[in-house]
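Structure assessment
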Amino acid sequence: MPKTTLYSTITLVCILLCSNHQGLAQQRFTRAPTFTEMADPTKDTLSDWSNVEDGLHASFVSIDKRYPKSLNPNLTAQRAATVYAWKGEQVSAQFILWTSAAAPHVTVSAGDLKSTTSKSIPGDVVQTRFVRYVMTDEFASGCGYRKPADFKASLSADMLDNLKSYDLEAKKVRPVWVTVKVPNDVTGGNYHTTLSIHQNGIVKEQLRLTVIVQNHVLPPASQWSYHLDQWQHPSAVARVNKVKMWSDAHFETLKPTMMQLAAAGQKVITATLNKDPWNVQTYDPYADMIIWKKGKDGSWSYDYSVFDRWVTFMMGLGISKEINCYSLLPWNNEVHYFDEGKNQLVNVTAKPGTAVFEALWSSFLKDFSKHLRVKGWLKITNIAMDERSREEMDAAVALLEKVTPEFKIAFADNHKSYQRYPKSIDISVAAGDPFDQQDLIARRKKGYVTTFYVCCSDEFPNQFTFSDPAESTYMAWYALAAGFDGALRWAFNSWVLDPLRDSRFRTWPAGDTYIVYPQGRSSIRYERMLEGIQDYTKVNLLIKMLEESNDQLNLTKLNAKIAKLNTAKRYADWNKDLNDAKNFVNELSQEIRPSGK
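Quantities reported herein were computed from a predicted structural model and do not represent experimental measurements.

The next point concerns the overall build of the protein chain. Summing up its helical and strand segments, the protein chain has eleven helices and 25 strands in all. Computed over its C-alpha atoms, the radius of gyration of the protein chain comes to 25 Å, within 12% of the 25 Å expected for a compact globule of 597 residues. Viewed in the frame of its principal axes, the protein chain has a C-alpha envelope of about 80 × 60 × 40 Å. Of all 597 residues assigned to the protein chain, the portion counted as buried reaches 59%.

On to helix α10 (residues 552-563), then. An α-helix turns once per 3.6 residues; consequently, residues spaced three or four apart project the same way. Taking 1.5 Å per residue as the helical rise, α10 with its twelve residues ought to reach 16 Å, and the 16 Å between its terminal C-alpha atoms agrees with that figure. Three or more residues of α10 are buried, namely N554, L555, L558, K561 and I562. What you see down the axis of α10 is that its buried residues fit within an arc of 130°, all on one side. Within α10, the exposed residues directed more than 90 degrees away from the buried face are L553 and T556. Elements in contact with the buried residues of α10: α8 (470-482), α9 (524-548) and α11 (574-591).

All right, on to unusual backbone geometry then. Residue S327 follows Y326 across a cis peptide bond; omega there is -5°. Tracing the backbone shows S327 in the loop between β17 (322-326) and β18 (334-339). Omega for the bond connecting F460 with P461 falls within 30 degrees of zero, at -15°, which places this linkage in the cis form. Located in the positive-phi region is N279, a residue other than glycine, with phi close to 55°. Note that N279 resides in the loop between β14 (268-272) and β15 (291-294). With phi around 60°, Q519 is a residue other than glycine that occupies positive phi space. With respect to the secondary-structure elements, Q519 resides in the loop between β24 (486-489) and β25 (522-523). Overall, the relative accessible area of 25% leaves Q519 in the partly exposed class.

Another point: the side chain of N332. Here N332 is to be found in the loop between β17 and β18. Not counting chain neighbours up to four residues away, the residues in contact with N332 comprise K275 and N279.

Here we come to the sheet that holds strand β3 (residues 90-99). Read across the sheet, six strands follow the order β1-β3-β10-β7-β8-β25 without closing on themselves; strand pairing throughout is antiparallel. With one partner strand each, in any of the chains shown, β1 (56-61) and β25 form the two edges of the open sheet. The pairing of β1 with β3 spans six bridges and is antiparallel. Each bridged residue has a counterpart across the sheet, and for L56 the counterpart in β3 is T99.

Next up on the list: the sheet that holds strand β22 (residues 424-430). Overall, parallel pairing links the eight strands, which are arranged β13-β24-β23-β22-β21-β20-β17-β14 in an open sheet. Both edges of this open sheet fall to β13 (227-230) and β14, since each of them pairs with a single strand only. Adjacent strand axes in the sheet meet at a mean angle of 25°, parallel and antiparallel pairs treated alike. As judged from the four bridges shared by β13 and β24, these two strands associate in the parallel manner. The residue of β24 that forms the bridge with D229 is L488.

With that settled, the discussion passes to the pairing of strand β4 (residues 103-110). Pairing analysis gives two bridges linking β4 to strand β9 (residues 166-168), with the strands arranged antiparallel. For V106, the partnering residue across the bridge sits in β9 and is Y166. The pairing of β4 with strand β11 (residues 189-199) spans five bridges and is antiparallel. What sits directly across from V108, in β11, is I197.

Here helix α3 (residues 248-263) contains 16 residues, and its C-alpha end-to-end distance of 23 Å stays within 8% of the 22 Å for a straight helix at 1.5 Å per residue. Turning to α3, its buried residues are H250, F251, L254, T257, M258, Q260, L261 and A262. Looking at the packing, one finds that the buried side of α3 touches β13, α2 (234-241), α4 (305-316), β25 and α9. Looking at the residues trailing α3, positive phi occurs at G265, about 90°.

Time to look at the packing of aromatic side chains. All told, the structure shown has 38 aromatic pairs when counted by the stated rule. Seen in terms of ring centroids, W278 and Y326 are 5.1 Å apart; in terms of plane orientation they differ by 45°. Their pairing is tilted. Of this pair, W278 sits in the loop between β14 and β15 while Y326 is found in strand β17, placing the two residues 48 residues apart along the sequence. Neither residue differs from the other here; W278 and Y326 are each classed as buried. The interplanar angle of 70° and the centroid separation of 5.3 Å between the aromatic rings of W490 and W508 together place this pair among those described as edge-to-face. With W490 in the loop between β24 and β25 and W508 in the loop between β24 and β25, this pair connects stretches of sequence that are 18 residues apart. In this pair, the class of W490 matches that of W508, namely buried. Through a chain of ring-to-ring contacts, the aromatic side chains of W292, W300, Y302, Y304, F307, Y337, W361, F364, F368, W377 and F407 assemble into a single cluster. Against the face of F35 rests R132, its NZ or CZ located 4.1 Å from the ring centre. It is K561 that lies over the ring of F584; its NZ or CZ is 5.5 Å from the centre.

Criteria and cut-off values
- Residues numbered from 1 in each chain as written.
- Predicted model: local features only at pLDDT ≥ 70, side-chain atom pairs only at ≥ 80, totals over all residues.
- Heavy atoms only, no water.
- Helix = DSSP H or I, 4+ residues; strand = E, 2+ residues; numbered from the N terminus.
- Rg over C-alpha atoms; globule rule 2.2 N^0.38 Å.
- Buried < 20%, exposed > 50% of the residue type's maximum accessible area, 1.4 Å probe, protein only.
- Expected span 1.5 Å × (residues − 1).
- Arc of directions from axis to C-beta.
- Contact = heavy atoms within 4.5 Å.
- Pairing = 2+ DSSP bridges.
- Axes fitted to C-alpha atoms, helices over the stretch in contact; angles between N-to-C directions.
- Phe/Tyr/Trp six-rings, centres within 6.5 Å; stacked < 30°, edge-to-face > 60°.
- Lys NZ or Arg CZ within 6 Å of the ring centre and 35° of its normal.

Take a look at the structure:
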């Protein structure tokens, strides 16, 4: 059977199997340019707004806080704010708008950034986005099935929408996120811009933002040292955008989301080897990237056309360090293939260590290795496993060593067994699990990658929609303090049924399944994560400069501030210590002359 016909046949089978699930999703969720947020379920709706004077109000506020939608902010307006940035860095600020009466058609504009030395930066480097409120819940006990009625619900300010204007509601707060992307070729100095808030085209409020551009250059994202691994989910993009899986339209709609991932310095392409490796624990099943076929004569063939297109697509966006292929150990140990003799899709349980496991996977691994060698991808491809037991891992590694020893291994380890597989080129240790610092040092010398990961069981630090915004930044500082090369998180865009309005899911705390929103919408979590990754890169560059200049005093101070953040457990002063470390980095960046200057 020709490959195209084979793929169409299997696609039809999958559509029939999933039609009820997908059909219900598309009937209940309709994509639109804008949308109405869910009603606030909290007692904040009873807040007293009687002391709010008429008109539109604006004030800069901390980026470390989410501001409730219905609660009177009761604050003294701060009309000026200052941020520090390296050349090439993206930095953030936040202000809130509030009013006692409805204010339709509100827009925000930014003027050029002008310095005291008559230098200027075009105002288009400043982006302002209205923050939207999504429904969230609470951590509670973490992992496990959830009924919404059993968990405290609230609205969380998280999504950064791309609307040109917004109609403010009476007695409500509307945050606005400010992003400044500093060009890498500007002159250092203090720059000022005015943010003007208009209603129906008339300026109602103005805020002054100062950007102190320091004389250091942040390398492009592709060169950042932080190893970011956020798993991608193409099927979710197809469902939300209502396009055919793996069609040209699908790849076009994948671009905005995957470009966001590349902009954060993502290093890994997430690929699948057979059926959904995680046994459909997400809202959308993972669609096949490689089609297995058993011929009438018992021979095996494999269609890599989708896999090849996906990898090529991601590499074209600049994500090309690793291809992690899930999984030789799928969560339910099942493999499926199209049986030409039976003319149907066949599902087989292949437990590690059994004869059927060895037979099925040996044939595939040998063929896959040959294909990757032809494509030139073998050296960067890892056979990846996720949270499997020691016994299963032993069987899988033994098979790889026997059949295709050329393959490298990547795995997420929550069994404290990483030392058992010293040849694993990419491992991620569950946050808070014990590890040997010397192992990390030895692995780094070999060029191996060691990260930590968080999931539904980790209350802190994490990136749930109710998490403190600074936790997304803290994660990179924790990696720096603990000696990790970066972090893994299991889902960048595994969207739930109605991701624009309700981040809750049938299992796990709200927001666990995605960091960004459909159609290229960012989030406070994403922006703060990006901030931390930039910090990680900056700190390593500063440490190198301090070592080269033998500045032991500042090196000791910096290391002491970093060391305070070497914990994956929440403590009272974590946010204060994080900001203290960030402020010291700003001070050092002002004092230290860049290398070669």
